[in-house]
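Architecture at a glance
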Amino acid sequence: MPPKSKASAAAEPVAVEDLFASLHRHIEAVLKAAPGDEDAVRCKVVAYIKADEIDKALAAIRAAERLPIDLSYYRAYCCYRQNKLHEALELLRGQEETSAVLQLESQIFYRLGRMNDCMSSYEKLKKFKIDSMDLKINIIAALVAAGRASEVQAAMKALKVDLTTRALRDTRSFELAYNSACSLIENKKYSEAKEQLDLAKRIGKEELMVEDYGEADIEYELAPVSAQLAYVQQLQGQSQEAMQTYVNMINGQSADLSSLAVATTNLISIKGTKDTADSLKKLDRLIGTTTAPNQLHLVENLDYKLSPWQKEALYSARVLLLLHANKTEQAHELVRGLLGMFPDSVFPVLLQAAVHVKEKKIHKAEDVLSQYAEKRPENSKGLLLALAQIAANANHFQLAADSLSRIPDIQHMPATVATLVALKERLGDSNAAASVLDSAINWWKNSMTEDNKLDILTREAAAFKLSHGRDEEACLLYEELVKSHGSIEALAGLVMTSARTNLEKAEQYEKKLKPLPGLKGVNVESLEKTSGARHVEGPQDMKVDVPEEVKKQKAKKRKRKPRYPKGFDPANPGPPPDPERWLPRRERSSYRPKRKDKRAQVRGAQGAVSRETSATNVGASSKGSQTTNSSKTPAVNAEQPKTSNKSRKKKSR
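Basis of the calculations
- Residues numbered from 1 in each chain as written.
- Predicted model: local features only at pLDDT ≥ 70, side-chain atom pairs only at ≥ 80, totals over all residues.
- Heavy atoms only, no water.
- Helix = DSSP H or I, 4+ residues; strand = E, 2+ residues; numbered from the N terminus.
- Buried < 20%, exposed > 50% of the residue type's maximum accessible area, 1.4 Å probe, protein only.
- Contact = heavy atoms within 4.5 Å.
- Areas by Shrake-Rupley, 256 points an atom, 1.4 Å probe, with all protein chains shown as cover.
- Salt bridge = Lys/Arg side-chain N within 4 Å of Asp/Glu carboxyl O.
- Axes fitted to C-alpha atoms, helices over the stretch in contact; angles between N-to-C directions.
- Parallel < 35°, antiparallel > 145°, perpendicular 65-115°, else oblique.
- Left-handed = near helix turned anticlockwise from the far one by under 90°.
- Nonpolar A, V, L, I, M, F, W, Y, C, P; charged D, E, K, R; others polar.
- 1 Å grid on protein atoms, 1.4 Å probe; cavity = no way out; pocket = protein on both sides within 12 Å on 5 of 7 lines; lining within 4 Å.
- Points joined across faces, edges and corners; volume = space filled by probe spheres on them.
- Arc of directions from axis to C-beta.
- Core = buried A, V, L, I, M, F, W, Y, C linked by side-chain atoms within 4.5 Å.
- pLDDT = per-residue confidence, 0-100.
- Expected span 1.5 Å × (residues − 1).

This part is about the overall build of the protein chain. Along its length, the protein chain carries 34 helices and zero strands. For the protein chain, the proportion of its 653 residues judged to be buried stands at 34%. Restricting to contacts in the protein chain with at least 6 residues of sequence separation, those with at least 24 account for 49%. Accessible surface for the protein chain amounts to roughly 44300 Å². Of this, 51% is attributable to carbon and sulfur atoms.

With the rule as written, the count across this model stands at 18 salt bridges. For aspartate 117, the salt bridge identified is with arginine 114, shortest N-O distance 3.0 Å. What makes arginine 114 partly exposed here is its relative accessible area of 37%. The network of salt bridges with common partners includes Asp438, Lys465, Arg470 and Glu473.

In this section: the packing of helix H23 (residues 397–405) against helix H24 (residues 414–426). Across the interface, H23 lies against H24 with an axial gap of 9 Å and an inter-helix angle of 150 degrees. It follows from the interaxial angle that H23 and H24 lie roughly antiparallel. As H23 runs across H24, the sense of the crossing is left-handed. Seen from H23, the contacting residues are Phe397, Ala400, Ala401, Leu404 and Ser405; seen from H24, they are Thr419, Leu420, Leu423, Lys424 and Arg426. A breakdown of the residues in the contact of H23 with H24 according to their chemical character gives six nonpolar, two polar and two charged.

Phi is positive for asparagine 83, close to 65 degrees, though the residue is something other than glycine. The residue asparagine 83 is located in the loop between helix H4 (72–81) and helix H5 (85–92) in this model. Judged by relative accessible area, which is 13%, asparagine 83 ranks as buried. Residues other than glycine seldom take positive phi values, yet aspartate 212 does so here, at roughly 65 degrees. You can see aspartate 212 is positioned in the loop between helix H12 (190–210) and helix H13 (215–221). What makes aspartate 212 exposed here is its relative accessible area of 71%.

Moving on: the environment of glutamine 153. Structurally, glutamine 153 can be placed in helix H9 (residues 152–158). In sequence terms glutamine 153 and leucine 184 are 31 residues apart; their C-alpha atoms lie 9.4 Å from each other. Setting aside its immediate chain neighbours within four residues, glutamine 153 contacts Ser180, Ser183 and Leu184.

To continue, consider the layout of surface pockets. Remark: the empty space left among the atoms is shown by a probe the size of a water molecule rolled over them. Roughly 2100 Å³ of volume is contained in the largest pocket. Around the largest pocket, the lining comprises 49 residues; the ones closest to its centre are Tyr110, Tyr178, Pro224, Ser258 and Lys305. Elements with a contribution of two residues or more to the lining of the largest pocket: helix H6 (99–112), helix H7 (115–125), helix H8 (133–145), helix H11 (174–186), H13, helix H14 (223–235), helix H16 (257–271) and helix H18 (308–324). For the lining of the largest pocket, the element with the most residues is H8, which contributes eight residues. Of the residues belonging to the lining of the largest pocket, the class tally is 28 nonpolar, 14 polar and seven charged.

Once that is clear, we can look at H7. By the burial criterion, the buried members of H7 are Met115, Cys118, Met119, Ser121, Tyr122 and Leu125. Angular distribution of buried residues about the axis of H7 spans 155 degrees; they occupy a single face of the element. The inward-facing, buried residues of H7 abut H6 and H8.

Turning our attention to the nonpolar core. General note: in soluble globular proteins, nonpolar side chains tend to be found buried as a group. With 47 residues, the main nonpolar core has Ile108, Tyr122 and Leu197 as its most contacted residues. If one sorts the elements of this core by residue count, H11 sits on top with eight residues. In this structure, Trp444, Leu481, Ala490 and Tyr509 belong to the second largest nonpolar core, which totals 31 residues.

Mean pLDDT over the protein chain: 79, with 77% of residues reaching 70 or higher. This model gives residues 1–12 a pLDDT under 50, and the stretch forms zero contacts once residues within four places in sequence are excluded. Note on residues 612–653: pLDDT under 50 across the span, and 15 contacts to partners over four residues away in sequence or across chains.

Within the fold, serine 120 resides in helix H7. Take serine 120: its relative accessible area is 37%, and that puts it in the partly exposed class. Sequence separation of serine 120 and leucine 102 is 18 residues, and the distance between their C-alpha atoms is 9.5 Å.

This paragraph deals with the packing of H11 against H14. Interhelical geometry of H11 versus H14 gives an angle of 20 degrees and a closest axis separation of 11 Å. Taken together, the axes of H11 and H14 lie roughly parallel to each other. The handedness of the crossing between H11 and H14 is left-handed. Residues Tyr178, Cys182 and Ile185 of H11 pack against Pro224, Val225, Gln228, Tyr231, Val232 and Leu235 of H14. Residues belonging to the contact of H11 with H14 are distributed by class as follows: eight nonpolar, one polar and no charged.

Turning to its location among the elements, serine 121 is positioned in helix H7. Using a relative accessible area of 2% as the deciding quantity, one classes serine 121 as buried. When sequence neighbours within four positions are dropped, the list of residues in contact with serine 121 reads Leu102, Glu105, Ser106 and Phe109.

The end-to-end C-alpha separation of H8 is 18 Å, in line with the 18 Å expected for 13 residues at 1.5 Å each. The buried fraction of H8 is high, at ten of 13 residues. Buried within H8 are the following residues: Leu135, Lys136, Ile137, Ile139, Ile140, Ala141, Ala142, Leu143, Val144 and Ala145. Along its buried surface, H8 packs onto H6, H7, H9, H11 and H18. Note on H8: the residue one or two positions beyond its end, glycine 147, has a positive phi of about 75 degrees.

In structure tokens:
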């Protein structure tokens with residue numbers, strides 16, 4: 001049997017660039033034959049866009065302006081690719097709402113941070129019934145970015161999204177698992193979010209390995225997943241593990257710029273005030289320089305890759321670091337830029353107040369917060385809390401109390417009630433403090449929540465009123481506690497307070513108290529007939545009846561014999577040891593320092609000889625040399641007065 005003929009070898013794959021070059025030649029040929037052909041012009045523009053040659057695409061669009069062809073959608077897309085978002089949005093205005101126009105519009109709104117408008121565009125897209133995985137991923141991402149994470153699960157059911165491992169592998173969509181994990185983080189379901197992120201990392205690695213990505217490229221592509229995993233660890237209290245991941249991403253440069261920005265900001269939040277200079281250096285790599293005053297921007301188009309709250313967190317971290325480094329002037333400039341960049345946000349206002357507090361300008365900080373709270377009361381809960389804290393630290397108790405009173409949804413909380421009562425007491429207004437407690441008790445009486453704080457507040461209110469002489473009100477509160485809970489503390493408080501107001505009630509409730517052990521033998525009537533305790537001078541022998549059990553326990557205890565050193569006879573101890581034997585010798589009472597011989601003391605400069613010594617030496621030498629050379633030796637008068645100390649010092653100088 002003859003051998004089978006070999007199949008023709010498969011043709012080698014042609015490079016994409018060669019295909020586009022061939023397409024370009026054919027398009028140019030068509031346009032040469034028919035210069036105004038609409039399909040050929042559109043094909044040329046789309047080919048440039050697909051080849052990522054946006055400038056050439058715009059040049060082709062401008063060349064076709066005189067032709068009766070509407071290329072505004074392609075121009076808008078090119079502006080979107082060049083991050084000219086407002087210009088792109090203006091070009092889309094007035095166009096027919098096709099699926100392509102709505103998808104581009106939603107992406108522009110997403111980059112601009114206008115999440116509500118973004119979701120409106122996606123709502124309009126539902127009528128086209130597009131079954132695209134990319135569209136589903138974008139819708140879930142937009143819901144999370146818009147702060148509507150609670151709607152993600154329902155949206156995934158409506159979009160028929162399957163998050164099982166098999167389904168995600170089939171669709172090769174680790175981004176879907178990643179966005180689902182982001183929604184779980186917003187809902188504080190951290191364990192479930194970690195599972196989804198682990199799944200996204202595993203599937204993403206498999207998908208990229210199939211596409212022949214190297215290890216470094218895979219790590220780069222999955223950097224957002226790694227950063228989010230570290231963030232979950234940070235939220236779960238695993239700060240060291242999260243910090244290590246952030247450091248590896250920053251030092252190894254194994255992540256895209258947006259992931260590096262997130263890792264840097266989160267790392268600074270973990271480190272806090274430690275190593276402020278290094279943290280500022282890391283942030284400086286992300287913040288660009290500009291000559292315009294109060295204008296802020298990030299490097300390499302990072303402005304369009306981060307969400308608005310991510311950018312706000314990054315800039316805010318820099319302000320706080322500048323304050324810790326005592327660079328208040330730079331912090332002021334940055335805050336002014338943030339106020340213009342985020343006019344609807346509260347955080348720049350808080351930072352402005354923080355800078356004033358750092359400069360010890362408390363009144364300015366209070367004015368800044370008060371003015372903003374008056375302009376936007378619906379968005380000022382955090383500002384009012386900060387204002388209350390600043391005012392309380394400055395002993396401005398009235399302002400602190402007024403600030404807390406302007407937050408209606410926390411008036412019944414125990415912490416708020418306790419703070420307001422303390423502030424009112426500092427102001428000397430016990431009536432206002434009591435009314436705060438009464439209103440909180442009334443709120444909890446009408447509340448149907450499971451974690452009810454009524455008994456805690458009632459007990460504290462009763463103790464407060466008892467300490468301020470409101471015995472009848474305190475008695476009523478204790479009686480309510482006894483009827484509702486029947487605790488011994490409440491019963492004792494009721495007996496104590498009713499004894500001041502209603503003896504019959506006190507006796508009635510006193511019978512419910514359990515008798516204390518050891519008080520059976522006390523005759524209360526005879527005790528009341530006595531004139532009371534008397535002051536007796538001098539020590540008195542108090543006889544106390546000790547129970548037999550206590551006596552037996554004491555009898556069992558025996559004293560231990562003292563342990564003596566080896567060879568010591570306690571009968572003949574000898575002389576007592578010196579009590580100062582452990583002290584240094586110079587600290588003992590018997591110590592006498594040695595006297596210095598002042599006769600040989602030399603005063604004056606180093607090497608000088610005093611007059612007294614020289615005179616003595618001269619006298620001695622004259623006496624010994626009288627027999628040989630008496631004429632050369634001058635006589636020395638023994639009665640010659642000594643020079644004073646002052647004169648000696650002057651001469652020695």
